[in-house]
Amino acid sequence: MSEKETYVYEPFAETSEYKEVNGEIIAQWVDTMVDRGTERVDKIMDIATGVGTMVRLFVSKLPEQFKYSEVVCLDQSSEALKRAAEKLSGSVANMSFIKAKVQDAEIEEKSIDIVIWGNGIHYLSELEQRESLENIRKGMKDGGWLFFNTAFYEGSRPQETLSFYRTQVKKAVQSLRERGITREKAHVRAEAANFHPREYYEELVSLAGFKLVEAQEYAANLSAEAWEYISSFQQYAAGALGGYPVEEASVAMRDAVAPAIAEHGGRNEDGSMFVTRNWLSICARV
């Protein structure tokens, strides 16, 4: 993610829907640790920290006896780390920061008890994913926990929501063409457009040297506002509209949310519209 892309992604990570589904996932992660006999932790690492939403939720749900000594925030964006430091200063104690790609990060061997990675692994190539998890594995203590999730996998779009995506893309392309913006015939497919099945991630952790503990799926009803934030994110737009200039594509995808959700969205009791998105949660152990 570039500095600008991280900045654009911030509003979605701060929405109530994002916090709700990830809060539910994190609560299950913590319960799993407790059920498996973990009584205390020392050092926690948050991968792709962004604005710090995941680590803030995680720390808030730890039992009182889990008195961690340090939280290491890792992100390749210096702007994201700066914002995370500001946002976490009042709720997360003893933070340190690493600016690096996860696969290249220098992590002290056998120093980390818990690694969390929120909704980011899908932006890496298959090779980068494997290298990243292997690098993480080297830095983890025996018995350490790895938790990550993704809303970009084969099961993330329920069958009944596919018409929303088709309409959004159709209207976005129409808007671009009306503005005289054309698609490059030869373009590299964005990693965010490669939706791997659940089984892929289950096998990935095993190949990287972890023991899979559990994989679960969660549903989140995302509002039009949340979809506009997501669609403004350049990686998302590049995955949906590969070959178009990414900045124009992100604007077109954002503007296409309202008509697409009006046609194909569900309706809450208060009359607001939503489209459901599934999250895959992976829990593994050293």
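Before reading further, recall that the structure is shown in the block above.
Please read all numbers here as calculations on a predicted model, not as lab measurements.

Asks: How do you make sense of the overall build of the protein when you look at a structure like this?
Replies: A count of helices and strands for the protein gives 11 helices and eight strands. Relative to the 2.2 N^0.38 estimate, which gives 19 Å for 286 residues, the radius of gyration of the protein is 19 Å and therefore close to what a compact globule would have. Expressed as a percentage of the 286 residues in the protein, the buried residues total 52%. Long-range contacts, defined here as pairs at least 24 residues apart, represent 84% of the contacts in the protein between residues at least 6 apart. In the form shown here, the protein has an accessible surface area of approximately 13,000 Å², with 45% of it arising from carbon and sulfur atoms. If the 33 positive side-chain charges of the protein are averaged to one point and the 45 negative ones to another, these points end up 2 Å apart.

Asks: I'm lost on helix α6 (residues 162-178) in this one. Help?
Replies: Since the α-helix turns once every 3.6 residues, residues separated by three or four places project in the same direction. When the terminal C-alpha atoms of α6 are compared, their 24 Å separation across 17 residues agrees well with the 24 Å that a helix rising 1.5 Å per residue should span. Those residues of α6 lying buried are L162, F164, Y165, T167, Q168, A172, V173 and L176. Where α6 is buried, its residues touch α8 (224-232), α9 (234-240), α10 (246-255), α11 (257-264) and β8 (273-285). In the segment just after α6, G180 is the residue with positive phi, at about 80°.

Asks: How should the packing of α10 against α11 be read in this particular structure?
Replies: In helix packing, the relevant descriptors are the interaxial angle and the interaxial distance, both defined with respect to the helix axes. It is at 5 Å that the axes of α10 and α11 come closest, and there the two elements cross at 35°. Of α11, the residues touching α10 (which contributes M253, R254 and D255) are V257, A258 and P259.

Asks: What am I meant to see in the pairing of strand β3 (residues 95-99) here?
Replies: Within a regular strand, the side chains alternate between the two sheet faces. Alignment of strand β2 (residues 70-75) against β3, held across five bridges, turns out to be parallel. Its bridge partner lying in β3, V71 is registered against M95. Tracing the backbone out of β2, into helix α4 (residues 78-88) and back to the parallel element β3 gives a crossover that is right-handed.

Asks: Could you clarify how one ought to interpret the nonpolar core in this entry?
Replies: Considering soluble globular proteins, one finds that nonpolar side chains tend to be buried as a cluster. One finds M33, F58, I114, F147, W227 and W279 to be the most contacted residues of the largest nonpolar core, which totals 62 residues. Top contributing element to this core by residue count: helix α2 (residues 16-35), with seven residues. Contact partners of W227, with chain neighbours within four places excluded, come to F164, Y165, L222, Y236, V257, I261, V275 and R277. By size, the runner-up hydrophobic cluster in this structure holds 30 residues, among which are L146, Y153, Y200 and I282.

Asks: In this structure, what is going on with the environment of E154? I would like to understand it.
Replies: Considering the arrangement of structural elements, one finds E154 in the loop between β5 (140-150) and α6. Classification of E154 by relative accessible area gives exposed; the value is 55%. Separated by 45 residues in the primary sequence, E154 and E199 place their C-alpha atoms 9.8 Å from one another. In contact with E154, other than residues within four places in its own chain, are F195, H196 and P197.

Asks: Sorry, what's going on with the packing of aromatic side chains here?
Replies: Describing an aromatic ring pair means giving the distance of the ring centres and the angle of the ring planes. One pass over the full model with this rule turns up 14 aromatic pairs. Between W29 and F147, the aromatic rings sit 5.0 Å apart at their centres with planes inclined by 15°, giving stacked as the arrangement. Highlighted residues: W29 in helix α2 and F147 in strand β5, separated in sequence by 118 residues. For F147, a relative accessible area of 0% translates into the label buried.

Asks: I'm lost on the pattern of salt bridges in this one. Help?
Replies: Between side chains of opposite charge, pairing is possible as soon as their charged atoms come close. Summed over all chains, the structure comprises 12 salt bridges. Close ionic contact of R83 with E86 constitutes a salt bridge, the shortest N to O distance being 3.7 Å. Residue R83 and its partner E86 are both found in helix α4; the two are separated by three residues, about one turn of the helix. A residue is classified by how much of its surface remains accessible, and R83, at 17% relative accessible area, is buried. Of the residues examined, E86 reaches a relative accessible area of 46% and is grouped as partly exposed. Between D255 and R254 there is a salt bridge, with its nearest N and O atoms 3.0 Å apart. We classify D255 as partly exposed; its relative accessible area is 45%. On the basis of relative accessibility, which here comes to 33%, the residue R254 falls in the partly exposed class.

Calculation criteria
Residues numbered from 1 in each chain as written. Predicted model: local features only at pLDDT ≥ 70, side-chain atom pairs only at ≥ 80, totals over all residues. Heavy atoms only, no water. Helix = DSSP H or I, 4+ residues; strand = E, 2+ residues; numbered from the N terminus. Rg over C-alpha atoms; globule rule 2.2 N^0.38 Å. Buried < 20%, exposed > 50% of the residue type's maximum accessible area, 1.4 Å probe, protein only. Contact = heavy atoms within 4.5 Å. Areas by Shrake-Rupley, 256 points an atom, 1.4 Å probe, with all protein chains shown as cover. Lys, Arg positive; Asp, Glu negative; His and termini not counted. Charge placed at Lys NZ, Arg CZ, Asp CG, Glu CD. Expected span 1.5 Å × (residues − 1). Axes fitted to C-alpha atoms, helices over the stretch in contact; angles between N-to-C directions. Pairing = 2+ DSSP bridges. Right-handed = clockwise from strand over helix to strand, strands pointing away. Core = buried A, V, L, I, M, F, W, Y, C linked by side-chain atoms within 4.5 Å. Phe/Tyr/Trp six-rings, centres within 6.5 Å; stacked < 30°, edge-to-face > 60°. Salt bridge = Lys/Arg side-chain N within 4 Å of Asp/Glu carboxyl O.

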